[in-house]
Every structure is written in structure tokens, then in C-alpha cells.
Amino acid sequence: MKNLKVTVNGTVYDVQVEETGSSQPAPQAAAPAAPKAPAAASAPAAPKPAAKASAPAGGEVISCPMPGTIVSVNVKAGQAVKKGAVLAVLEAMKMENEIMAPHDATVAAVMVNKGDSVETGTPLVSLQ
């Protein structure tokens with residue numbers, strides 16, 4: 001085993017490197033201990049968010065165009081919206097992206113909440 005210092009993005013790490021190719025097996029060192037869970041792990045788990053509303057049959061689902069975090073949800077179920085109205089704001093790649101209504105409609109269901117982390121294709125809002 002060799003002890004080396006490696007610098008990655010300005011941070012110095014001390015690492016051990018095992019040489020391979022020798023005819024003798026290297027002595028087996030004890031496996032490193034798994035990182036301990038944070039102290040909060042002993043506290044009760046955070047409550048789960050309320051179940052998301054599912055899209056009603058026949059509704060048009062507005063899906064997330066890219067992964068990100070929901071910064072705000074600007075509509076509620078039953079609300080009438082005009083074409084271009086901002087339904088939600090998505091933060092992705094350090095930019096806030098407005099998700100707008102493609103046409104005049106009524107919001108049938110809102111499937112996300114402020115602070116939710118979403119992936120591409122995640123249903124955000126259903127319109128009728």
C-alpha cells in the first residue's frame with residue numbers, strides 16, 4: 001500500500017493505493033467503517049406529505065420539462081386560467097422557469113407542492 005495526497009478541485013485528500021500485479025496477495029485491511037447516520041436519525045421520521053392528487057380522466061396533464069425544484073405553485077384545483085397564465089415556477093439549472101397554461105382552461109388537479117423535487121415528465125397540473 002502506498003499513501004498518496006491527491007488534490008481535486010483545490011481539496012487535498014489522503015488516499016491509500018494498493019499496487020496490483022504482484023504475486024503475493026496484499027494484506028487485507030479491515031474495511032472502513034460505514035459513515036454514521038446523523039443524530040437526527042434517532043428522531044422520529046418527518047411526516048410524509050399528503051398524497052398527491054391524481055389526474056382526472058380526460059384531463060390534459062402539464063408535465064415537467066426538466067428536472068428541478070418547484071419554487072411556487074400559483075393555481076388551485078377548480079381555478080379558471082387563461083392562456084399564458086403561470087401555473088407553477090420551476091427552478092432548474094439555477095434559473096426560474098415559468099410553467100404556463102397552453103390555453104384557456106380550468107385547473108382540474110395540482111399534483112405538486114412548493115419545494116417538491118421533480119424529474120422530467122413528472123405531472124405538475126391537470127387542466128380541463
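As shown above, the structure is provided for reference.
Residues numbered from 1 in each chain as written. Predicted model: local features only at pLDDT ≥ 70, side-chain atom pairs only at ≥ 80, totals over all residues. Heavy atoms only, no water.

Caption draft 1: The arrangement of the sheet that holds strand β10 (residues 123–127) in detail. Reading across the sheet, the four strands line up as β3-β10-β8-β5 and stay open at both edges, with antiparallel pairing between neighbours. Of all strands in the sheet, those with a lone pairing partner are β3 (60–63) and β5 (80–81), marking the two edges. Where strand β8 (residues 105–110) meets β10, three bridges bridge the pair, whose relative direction is antiparallel. Each bridged residue has a counterpart across the sheet, and for valine 107 the counterpart in β10 is leucine 127. (Pairing = 2+ DSSP bridges. Helix = DSSP H or I, 4+ residues; strand = E, 2+ residues; numbered from the N terminus.)

Caption draft 2: Layout of a nonpolar patch on the surface. Together, Leu4, Val6, Val8, Tyr13 and Val17 line one region of the surface with nonpolar side chains, adding up to about 380 Å² of accessible area. Only β1 (2–8) and β2 (11–17) provide two or more residues apiece to the nonpolar patch. Ranked by residues supplied to the nonpolar patch, first place goes to β1 with three residues. (Patch = residues over 30% accessible without salt bridge, like charges linked within 9 Å, V, L, I, M, F, W, Y side chains within 5 Å. Areas by Shrake-Rupley, 256 points an atom, 1.4 Å probe, with all protein chains shown as cover. Salt bridge = Lys/Arg side-chain N within 4 Å of Asp/Glu carboxyl O.)

Caption draft 3: Spotlight on the nonpolar core. Counting 18 residues, the largest nonpolar core has Val81 and Leu124 as the members making the most contacts within it. Elements supplying a minimum of two residues to this core: β6 (86–92), β8 and β10. With residues near it in sequence (within four places) discarded, leucine 124 still touches Ile62, Ser63, Cys64, Ile70, Ile99, Val110, Met111, Val112 and Val118. (Core = buried A, V, L, I, M, F, W, Y, C linked by side-chain atoms within 4.5 Å. Buried < 20%, exposed > 50% of the residue type's maximum accessible area, 1.4 Å probe, protein only. Contact = heavy atoms within 4.5 Å.)

Caption draft 4: Expanded view of the pairing of strand β4 (residues 68–73). In this sheet, strand β9 (residues 117–118) lies alongside β4 in antiparallel orientation, the contact comprising two bridges. Bridge pairing in β9 places glycine 68 opposite valine 118. Here four bridges tie β4 to β6, and the two strands are oriented antiparallel to one another. If you follow valine 73 over to β6, its bridge partner there is alanine 88.

Caption draft 5: Broad picture of the environment of threonine 120. Mapped onto the elements, threonine 120 comes out in the loop between β9 and β10. Separated by 53 residues in sequence, threonine 120 and proline 67 place their C-alpha atoms 5.0 Å apart. Each residue touching threonine 120, except ones within four places of it in the same chain, is listed here: Cys64, Pro65, Met66 and Pro67.

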